[in-house]
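Notes for the structure review
Read off the chains here:
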Amino acid sequence: GEGGAVLRTGNGGATWSRQRFYLSQRAVDVAFPDVVTGWLVTEGGTVLATTDGGAEWTVVKQTGLAVTALAASSADRAWVLGSGAGAAGGDVSVVLRTADGGATWRRTGFGTAQLTDLAFADDRHGLLVALDRIWSTSDGGRVWKLRRTWPMTVLTSVTMTDSRRAWVAGWDTQTGDPLVFTSRDGGVTWRALRLRVSPAGPGALQARQIAAAAGRLWVTCPAGVLASRDGGRSWELQQVPAGRPVA
């Protein structure tokens with residue numbers, strides 16, 4: 001959200017209240033493994049945690065990274081994706097992980113890969129996405145296995161509903177068309193879903209963020225939200241009222 005503010009809802013989004021955590025840095029990602037436990041990261045590399053549903057936030061780590069994504073499976077376990085200066089110059093991508101609520105962190109480097117997002121279904125099973133490739137882990141992020149590369153793509157977001165079912169969103173760099181891939185084996189193999197929607201202008205359907213729940217999928221894009229009620233077999237473009245950004 002905007003610099004120094006968090007919006008919170010307790011009724012499914014019908015109403016929202018503003019909660020301040022007194023930081024000038026813009027929040028870039030937030031994760032709540034349950035209704036009271038939450039993690040938040042800022043663009044300046046600050047990691048915060050809450051144990052009361054977001055009423056109060058505590059700084060648990062200053063990463064020194066340009067942070068872009070966060071995942072969490074419990075009050076103890078969280079993963080932070082970011083980039084920082086490498087020893088030989090230039091930026092390198094890293095994933096930080098904690099298993100003790102942020103008291104200690106371990107780092108895994110990915111060189112110059114342009115990492116964009118990560119997701120964890122539980123304490124062990126996770127997926128990590130770069131612009132054109134995807135990795136999986138089954139040990140909480142200690143070891144990552146490269147599973148697939150997609151040339152001429154920009155992959156932007158990944159989500160998991162359990163340790164086996166996952167979806168990745170992005171777009172085709174040649175056509176600008178939205179792309180969604182799905183896996184039923186924890187990211188080992190993938191297949192493309194067909195998105196049959198009417199053209200909406202150059203780049204208007206480029207997928208940004210993806211979410212999944214109970215057989216439904218939602219993908220944000222500049223033109224609105226691409227939504228599927230049947231697991232990706234059919235799609236519709238839902239318009240968003242003016243002034244309400246979706247990506």
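The structure we're discussing is the one just above.
In what follows, the accompanying structure is described. Bear in mind that the values here come from a model prediction, so they are computed numbers and not experimental data.

Attention now goes to the overall build of the protein chain. Each helix and strand in the protein chain was counted, giving zero helices and 22 strands. Taken over the C-alpha trace, the protein chain has a radius of gyration of 18 Å; the compact-globule value for 247 residues is 18 Å, and the two agree within 12%. Split into buried and exposed, the 247 residues of the protein chain put 45% on the buried side. For the protein chain, long-range pairs separated by at least 24 residues make up 32% of all intrachain contacts whose partners lie at least 6 apart in sequence. Surface exposure of the protein chain reaches about 12500 Å², of which carbon and sulfur atoms provide 48%. Taking the average place of the 26 positive charges on the side chains of the protein chain and the average place of its 20 negative ones, the gap between the two points comes to 4 Å.

Below, the discussion takes up the nonpolar core. Among the nonpolar cores identified, the biggest contains 16 residues, and Trp167, Val180, Leu193, Val219, Leu226 and Trp235 are the most heavily contacted of them. Elements with a minimum of two residues in this core: strand E16 (166–172), strand E19 (210–213) and strand E20 (216–221). Residues in contact with valine 219, not counting those within four places in the same chain, are Ala169, Val180, Ala207, Arg208, Gln209, Ile210, Gly224, Val225, Leu226 and Trp235.

Now for the sheet that holds strand E18 (residues 191–193). Whether parallel or antiparallel, the strands of a sheet pair through hydrogen bonds between backbone atoms. If you walk across this open sheet you meet the four strands as E15-E16-E17-E18, and the pairing is antiparallel. Unpaired on one side and paired on the other, strand E15 (153–160) and E18 mark the two borders of the sheet. On average, each strand axis in the sheet is tilted by 30 degrees relative to the strand beside it, whichever way the strands run. Across six bridges, the pairing between E16 and strand E17 (residues 178–183) is antiparallel. Residue pairing in the sheet places tryptophan 167 in a bridge with threonine 182 of E17.

For the rest of this paragraph, the subject is the sheet that holds strand E21 (residues 224–228). Judged by pairing direction, the sheet is antiparallel, and its four strands sit side by side in the order E19-E20-E21-E22 without closing on themselves. In this open sheet, the two strands that pair with only one neighbour each are E19 and strand E22 (236–238). When the angles between neighbouring strand axes are averaged without regard to direction, this sheet yields 25 degrees. Taken together, the four bridges between E19 and E20 define a ladder with antiparallel strand orientation. Residue pairing for E20: alanine 213 is matched across the bridge by arginine 216.

Scanning all chains against the criterion turns up eight aromatic pairs. Relative to tryptophan 57, the ring of phenylalanine 32 lies with its centre 6.0 Å away and its plane at 85 degrees, an arrangement referred to as edge-to-face. Of this pair, phenylalanine 32 sits in the loop between strand E3 (27–31) and strand E4 (38–42) while tryptophan 57 sits in the loop between strand E5 (46–50) and strand E6 (58–62), and the two are 25 residues apart along the sequence. Tryptophan 57 sits in the buried class, given a relative accessible area of 13%.

With that settled, the discussion passes to the pairing of E15. Of all eight residues in E15, eight are buried; the element is thus mostly enclosed. The antiparallel hairpin formed by E15 and E16 contains five residues in its connecting segment.

To continue, consider the pattern of salt bridges. Scanning the model with the defined rule gives five salt bridges in all. As a salt-bridge pair, aspartate 123 and arginine 77 come within 3.6 Å of each other at their nearest N and O atoms. Taken together, the positions of aspartate 123 in the loop between strand E11 (115–120) and strand E12 (126–130) and arginine 77 in the loop between strand E7 (66–72) and strand E8 (78–85) put the pair 46 residues apart, joining distant regions of the chain. Assessed through its relative accessible area of 24%, arginine 77 is described here as partly exposed.

Conventions and cut-offs
- Residues numbered from 1 in each chain as written.
- Predicted model: local features only at pLDDT ≥ 70, side-chain atom pairs only at ≥ 80, totals over all residues.
- Heavy atoms only, no water.
- Helix = DSSP H or I, 4+ residues; strand = E, 2+ residues; numbered from the N terminus.
- Rg over C-alpha atoms; globule rule 2.2 N^0.38 Å.
- Buried < 20%, exposed > 50% of the residue type's maximum accessible area, 1.4 Å probe, protein only.
- Contact = heavy atoms within 4.5 Å.
- Areas by Shrake-Rupley, 256 points an atom, 1.4 Å probe, with all protein chains shown as cover.
- Lys, Arg positive; Asp, Glu negative; His and termini not counted.
- Charge placed at Lys NZ, Arg CZ, Asp CG, Glu CD.
- Core = buried A, V, L, I, M, F, W, Y, C linked by side-chain atoms within 4.5 Å.
- Pairing = 2+ DSSP bridges.
- Axes fitted to C-alpha atoms, helices over the stretch in contact; angles between N-to-C directions.
- Phe/Tyr/Trp six-rings, centres within 6.5 Å; stacked < 30°, edge-to-face > 60°.
- Salt bridge = Lys/Arg side-chain N within 4 Å of Asp/Glu carboxyl O.

Nothing here speaks to function; it is geometry throughout.
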